[in-house]
Amino acid sequence: MAKEKGKGPRHVAIIMDGNGRWATQRGRPRLFGHHAGARRVREVVRACPDLGVDYITIFAFSTENWKRTQVEVAGLMSLFRRYITKEAKALHDEDVRVRFIGDRVRLDNKLVDLMDELELMTSECKKVNLTIALNYGGRDEVARATKRLAQDVANGSLKPADVNEETLPKYLDTYVLPDPDLVIRTSGEARISNFLLWQSAYAEYEFIDTLWPDFTAEELARLVRSYGTRDRRFGAVKA
Ligand code: FPP
């Protein structure tokens, strides 16, 4: 259950946008911006425990991002492999439990092996939960979930009458996570781009101008404080 007014968000989800523009502003290739963006992830994850944030979910690569140039896609995939290899020990030592959401079928085997290893290696970690959305799309996730749900109906383990708002999310990639309380998008774009569509039904949103490579732990702290002033009613009327 999400937290009430006056409390900080338990789950923060971030659409890390603006890496390309950040690099272009500096006359550098887009991948330079993605590398700078990757360095921000560590700072932001580290800040979570002191801010009372138990879950942080970041959008690293969408099902639509395959439409980018082959150079950018290959560069991002190589960055993800490097990030996991380089950061695994620090994440484990800092007690960060890492999970991945998204469809792994289209990802290369080496990357999937690294993802599986990192999930296993951090499976006992408890301080903060980092979820990385990689080849993730909200519609794709709902479609994959529905396929599995339909298989369970077909094999008799789920009755059509039992399909409801409680059973369907059990088939989503996020089945072990609480819904996000606060969704942040950087870089001044005010759209959600297929991120956590089902899960964000009652999330609060922050669209901020900062480009992701400039986003800091201080800015996260400011947004967490601002969330505490919001009045979440979940469709109800105040008594
Ligand atoms: C959007 O900015 C960003 C991405 C598609 C990639 C996000 C990836 C990272 C921040 C890399 C690090 C992540 C991990 C987990 C290591 P954009 O390229 O669309 O920026 P633009 O809108 O300015 O072009």
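Residues numbered from 1 in each chain as written. Predicted model: local features only at pLDDT ≥ 70, side-chain atom pairs only at ≥ 80, totals over all residues. Heavy atoms only, no water.

**Student:** Outline the site of the ligand, listing residues and values.
**Tutor:** In the neighbourhood of the ligand, 19 residues make up the surrounding shell, with Asp17, Gly20, Arg21, Arg30 and Arg68 lying closest. Here an oxygen atom of the ligand sits 3.0 Å away from a polar atom, N or O, in the main chain of Gly20. Arg30 is positioned such that a nitrogen or oxygen atom in its side chain is 2.8 Å from an oxygen atom of the ligand. When the ligand is considered free in solution it has 620 Å² of accessible area, and contact with the protein chains removes 92% of it. With respect to the pocket detection grid, the ligand is positioned in the largest pocket. When residues of the shell around the ligand are traced back to their parent elements, those giving at least two are helix H1 (19-25), helix H2 (30-51), strand S2 (55-62) and helix H3 (70-93). Sort the elements by how many residues they give to the shell around the ligand and H2 lands first, with four residues. Along the lines of polarity and charge, the residues of the shell around the ligand split into nine nonpolar, six polar and four charged. (Near = heavy atom within 4 Å. Polar contact = N/O pair within 3.5 Å; in protein donor to acceptor, adjacent residues only side chain to side chain. Areas by Shrake-Rupley, 256 points an atom, 1.4 Å probe, with all protein chains shown as cover. 1 Å grid on protein atoms, 1.4 Å probe; cavity = no way out; pocket = protein on both sides within 12 Å on 5 of 7 lines; lining within 4 Å. Sits in = over half its atoms within 2 Å of the grid points. Helix = DSSP H or I, 4+ residues; strand = E, 2+ residues; numbered from the N terminus. Nonpolar A, V, L, I, M, F, W, Y, C, P; charged D, E, K, R; others polar.)

**Student:** Describe the sheet that holds strand S6 (residues 204-207), listing the residues and the values that go with them.
**Tutor:** Spatial strand order, S3-S4-S2-S1-S5-S6: six strands in an open sheet with parallel pairing. The two strands at the open ends of the sheet, each matched to only one other strand, are strand S3 (96-101) and S6. Ignoring strand direction, the axes of neighbouring strands in this sheet form an average angle of 20°. Where S2 lies against strand S4 (residues 128-136), seven bridges are found, and the strand directions are parallel. What sits directly across from Ser62, in S4, is Tyr136. Across the sheet, helix H4 (residues 109-121) touches S3 and S4, and the angle it forms with S3 is around 145°. (Pairing = 2+ DSSP bridges. Axes fitted to C-alpha atoms, helices over the stretch in contact; angles between N-to-C directions. Contact = heavy atoms within 4.5 Å.)

**Student:** With reference to specific residues and values, describe the side chain of Asp181.
**Tutor:** Here Asp181 shows up in the loop between helix H5 (138-154) and strand S5 (182-185). For Asp181, a relative accessible area of 1% translates into the label buried. Of the polar contacts made by the side chain of Asp181, one reaches the backbone nitrogen of Arg10; its length is 3.0 Å. (Buried < 20%, exposed > 50% of the residue type's maximum accessible area, 1.4 Å probe, protein only.)

**Student:** Lay out the nonpolar core with the relevant residues and their values.
**Tutor:** Of all hydrophobic cores here, the largest spans 47 residues; its most connected members are Ile14, Ile56, Leu130, Ile184 and Leu220. A total of nine residues in this core trace back to one element, the largest contributor, which is H3. Dropping the residues within four chain positions of it, Ile56 is found in contact with His11, Val12, Ile14, Val44, Val45, Cys48, Val128, Asn129, Leu130 and Thr131. Ala13, Ala133, Val183 and Leu196 belong to the second largest nonpolar core, which has 10 residues in total. (Core = buried A, V, L, I, M, F, W, Y, C linked by side-chain atoms within 4.5 Å.)

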